[in-house]
Structure formats: C-alpha cells, structure tokens
Amino acid sequence: MGGRVRILVKCSTCKKSLMNPDVRVDDLPSIHLGAKVIEKTGNIYLSQIYGSLNKKFEDVDDIKDSVALFFCPHCHNPFPVHEMCECGAPMIDLNLEVGGVIKIGTRNGCEHRSLQFVEPDDMFSLFHDQDKSGLS
Ligand SMILES: [Zn+2]
Ligand SMILES: [Zn+2]
C-alpha cells in the first residue's frame, strides 16, 4: 500500500460523520469522539491517518494507560464493543464511510487499530480512492 491511508468514519448508530474539519490533527480533519476519562467528560480528536497515534484532548486529561469510554458526539450513544484489545482494553467499532469497520483500542498509548471489511469491494474502494486523491 503506497502513501498514507486515511480513515473516514461515522457513527454506527446515528450515521453522522465523526470527521471534524475544525479540529485538525496531522493537518487533516480529525476523528471526533466524545470521551470520559476517569471522572471527566470531554472530547478526544484522533488522527485520520491509519497508523498515526497523534491526537488532541479537550476537557479530559492525557493520562497514560487510562482507558476511555468513547461515545458519539452527536447522539451520545457509546460506540459498540465486540472485541477486546490484546492489552485488555475494549475496542470500539466505528463505521468506515466506504463500508466496513475500524476497531480502535481505548487505552491511551495503545490504540491498537484493526480494519475489518465485510465486502472485499469496500477494502478496494478505501485504498483505490485514496490513490486518486493524491494525499497532500
Ligand atoms: Zn451517533
Ligand atoms: Zn490495547
């Protein structure tokens, strides 16, 4: 796979986009997640670049190894969890806009990510469309 793969996601419940053009991470619109860390509730903005662990914290603390509870910033439903990370933290499911799912670990500093595609075409469109876009 050449270049950087961008992950564009939406809420699996309300189907609204989680991409936030107002908060940029890696100089691109971020993935906006509501988050509860210890007793505080705020927002965490992840990089849309697959493999990048850059992120921004708003109203929650950046505590290494803490496990966040993530919820949709639009409908406030927690994201579904179907799998645990190898570190023991839950992994949330986010829907890819091209189809398929990305699972993201919820432990700060781990954030293991895995892509899952139901349809092979979905994987094709993820990688193919991005070749065309030229990724600046
Ligand atoms: Zn939602
Ligand atoms: Zn983990």
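Residues numbered from 1 in each chain as written. Chains lettered and ligands numbered in written order. Predicted model: local features only at pLDDT ≥ 70, side-chain atom pairs only at ≥ 80, totals over all residues. Heavy atoms only, no water.

### Structural notes on the coordination of the zinc ion (ligand 1)
Ideal donor angles around a metal are set by the shape: a four-donor tetrahedron calls for 109.5 degrees, a six-donor octahedron for 90 or 180 degrees.
Working step 1: Protein coordination at the zinc ion (ligand 1) comes from Cys 11 (SG), Cys 14 (SG), Cys 72 (SG) and Cys 75 (SG), with a distance range of 2.3 Å.
Working step 2: Coordination geometry of the zinc ion (ligand 1): the four donor atoms subtend angles of 104 to 114 degrees at the metal centre, consistent with an arrangement described as tetrahedral.
Working step 3: Written as a sequence motif, the donor residues of the zinc ion (ligand 1) are C-x2-C-x57-C-x2-C. Of this pair, Cys 11 sits in the loop between β1 (9–10) and β2 (19–25) while Cys 72 sits in the loop between β6 (69–71) and β7 (81–84), and the two are 61 residues apart along the sequence.
Working step 4: Assessed through its relative accessible area of 1%, Cys 11 is described here as buried. (Donors = N, O, S within 2.8 Å, 3.2 Å for Na, K, Ca; no water. Tetrahedral: all angles 85-135°; square planar, octahedral: opposite > 155°, others 65-115°. Helix = DSSP H or I, 4+ residues; strand = E, 2+ residues; numbered from the N terminus. Buried < 20%, exposed > 50% of the residue type's maximum accessible area, 1.4 Å probe, protein only.)

### Focus on the coordination of the zinc ion (ligand 2)
Working step 1: Within the protein, Cys 85 (SG), Cys 87 (SG) and Cys 110 (SG) serve as the donor atoms for the zinc ion (ligand 2), at 2.1 to 2.3 Å.
Working step 2: The motif formed by the donor residues of the zinc ion (ligand 2), counted along the single chain, is C-x1-C-x22-C. Within this pair, whereas Cys 87 is found in the loop between β7 and β8 (90–96), its partner Cys 110 is found in the loop between β9 (101–105) and β10 (113–116), the two being separated by 23 residues in sequence.
Working step 3: A relative accessible area of 25% places Cys 110 in the partly exposed class.

### Re the side chain of Lys 103
Working step 1: Mapped onto the elements, Lys 103 comes out in strand β9.
Working step 2: What makes Lys 103 buried here is its relative accessible area of 3%.
Working step 3: In contact with Lys 103, other than residues within four places in its own chain, are His 82, Glu 83, Met 91, Ile 92, Asp 93, His 112, Arg 113, Ser 114 and Gln 116. (Contact = heavy atoms within 4.5 Å.)

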